[in-house]
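Residue-level structure breakdown
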Amino acid sequence: MNEQQDDEQSSDSKITLSGAVSMGTGVMIGAGVFALMGQVAGTAGKWFPLAFLAAAAVAALTSYSYVKLSNTYPSAGGIGTFLNKAYGVGPIAATFTMAMWASMILNESLVARTFGTYFTKMIGVDSNTLLVAGLGVALLIGSFAINAAGNSAVNSVENVMAVVKIGGLVVFAVACLWVADFPTTESGAVDSPTIDSLIAAVGIGLLAYKGFTTITNTGGDIEEPNKNVGRAIVISIAIVTVVYIAVALAVRGNLGLGEIAGARDFALAQAAQPVFGSVGFKVVAGLAVIATVTSVMASMYSTSRMLKMMSDMDEVPEVTIGRRLPFGNPSLVVTTAVAIVLTVAFDLSRIAALGAFAYLALDMVIHYGHLRHLRHETGAKPAPLIAAIGVDAIVFTGFFIYRIRTDWVVIAAFAAFAVLVAGGETIYMRRYSDADGSMDDHEEAMS
């Protein structure tokens, strides 16, 4: 009953176009850029600013599908709603809704490890795998406690810090570009990347833009959604692209590629040192710490809500772990536990790669379902949908080839996850599905 009242109250206050743009840019320009800049640079070499530009183009192309879907099916269920509308409430929708949940968990783990890396740099302690992972786990546990306590101040803090994060990055970029001399490449750097490594860099860069889907999830609450959802996405992607390219050029302008490769987990702080000295290094590291803390706190809430929605939809078994705890809820406990395991088990590069694979696979399934089943309802033209599927497939294939060549462990982990989730969901959902795989009795849960 309380959730229903909350939904009714939220529908009374419409989000303006500027508010939607602020929300989109606030989600995209955040902890991700601190985590991903060095990863993209380490993969694309001297072309990494262009990799962010290419990722922006892919995000802009794929956003067309989300705009059309959110205009037609405005719902708090967001992507979960789109999947169920396209494929019916059954194993396919459940599998890829789980993939979405996994990609959100991977993002939390990515940000948690980034927190650990930058925190050690801020306090002047040598980074090592154990310490970075331990600090990341500490952040996750702290975020769990705050979310479990229902701290209403978290949202207010996040709104304030969005301004601080974006403003800090803009000042950093302008100052670094002002004195940039674009050092020559040192030996041992990634000077001549291959085609597959360039494509892989675009795949990683996409993670920095995928926050635009937050806008589509609130399509029903935006003023004139048929106009403003699309406008907000286009404007947000444009703003974020300018900031990312400026930051990328600032990093490239003050560090040689060898230096970037050596500091790929904290490249932004390293780039500030030639301009601002050790104080600038610590200030940027501190900005990253703030960004990662607020990002994990906000992400953990939405990710645990996603798992609860899946449980309510009978897409996963009812979550009971943690039910006897004095605070928190089972979905929050499971979300935190999985994030901790991933933070300990994988480094930044592997977490980013797994997140990119999950996101690209989910993206293709959404576009195909839209093209095959929903296009006539949404009014979408087939050409952009086909193009989005094709571009996603190219990026996925190039990324796959690159990882096979450089790190087969990521491929093995992704394959194991795909088999376990798809197989497990298929077996579990059979007890609820009709013969054709649909679950009409559960459609109302997504409305």
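Just so it is clear, the model here is predicted, and its values are computed rather than measured. (Residues numbered from 1 in each chain as written. Predicted model: local features only at pLDDT ≥ 70, side-chain atom pairs only at ≥ 80, totals over all residues. Heavy atoms only, no water.)

Each helix and strand counted, the chain has 17 helices and zero strands in total. Evaluated residue by residue, the chain yields a buried proportion of 54% over its 447 residues. Within the chain, residue pairs in contact and separated by at least 24 positions form 82% of the contacts whose partners lie at least 6 positions apart. Here the chain displays about 18800 Å² of accessible surface, and carbon together with sulfur accounts for 63% of that area. (Helix = DSSP H or I, 4+ residues; strand = E, 2+ residues; numbered from the N terminus. Buried < 20%, exposed > 50% of the residue type's maximum accessible area, 1.4 Å probe, protein only. Contact = heavy atoms within 4.5 Å. Areas by Shrake-Rupley, 256 points an atom, 1.4 Å probe, with all protein chains shown as cover.)

Scanning the entire structure with this criterion turns up 10 aromatic pairs. Pairing Y209 with Y244 gives two aromatic rings, centres 5.2 Å apart and planes at 80°, and the pair type is edge-to-face. Highlighted residues: Y209 in the loop between α9 (195-206) and α10 (213-217) and Y244 in helix α11 (residues 225-254), separated in sequence by 35 residues. Both residues of the pair, Y209 and Y244, belong to the buried class. Taken together, F357, F396, F399, F400 and F414 form an aromatic cluster joined through their ring pairs. (Phe/Tyr/Trp six-rings, centres within 6.5 Å; stacked < 30°, edge-to-face > 60°.)

In globular proteins that are soluble, nonpolar side chains generally tend to be buried together. Ranked by internal contacts, the top residues of the largest apolar core, which has 123 residues, are F34, F48, F52, F172, Y209, V251 and L268. The element best represented in this core is helix α13 (residues 267-312), accounting for 17 residues. Filtering out sequence-adjacent residues up to four positions away, F172 remains in contact with V247, A250, V251, L268, A271, A272 and V284. (Core = buried A, V, L, I, M, F, W, Y, C linked by side-chain atoms within 4.5 Å.)

At their nearest, the axes of α9 and helix α16 (residues 382-406) sit 8 Å apart, and the two run at 115° to each other. Every pair of crossing elements has a handedness; the one defined by α9 and α16 is left-handed. Contacts between α9 and α16 involve D196, S197, I199, A200, V202, G203 and I204 on the former and, on the latter, I394, V395, G398, F399, I401, Y402 and R405. Split by residue class, the contact of α9 with α16 holds nine nonpolar, three polar and two charged. (Axes fitted to C-alpha atoms, helices over the stretch in contact; angles between N-to-C directions. Left-handed = near helix turned anticlockwise from the far one by under 90°. Nonpolar A, V, L, I, M, F, W, Y, C, P; charged D, E, K, R; others polar.)

Attention shifts here to α9. Between its first and last C-alpha, α9 extends 17 Å over 12 residues, near the 16 Å set by a 1.5 Å rise per residue. With nine of 12 residues buried, α9 is to be regarded as a mostly interior element. Residues of α9 that are buried include every one of D196, S197, A200, A201, V202, G203, I204, G205 and L206, and no others. (Expected span 1.5 Å × (residues − 1).)

A word on the confidence of the model for the chain. Mean pLDDT over the chain stands at 82; residues scoring 70 or higher make up 84%. Element-level pLDDT for the chain is lowest in helix α1 (residues 2-12), with a mean of 46, against a maximum mean of 95 in α16. This model gives residues 1-12 a pLDDT under 50, and the stretch forms four contacts once residues within four places in sequence are excluded. Low pLDDT, under 50, characterises residues 435-447; the predicted model gives this stretch 27 contacts beyond four residues in sequence or across chains. (pLDDT = per-residue confidence, 0-100.)

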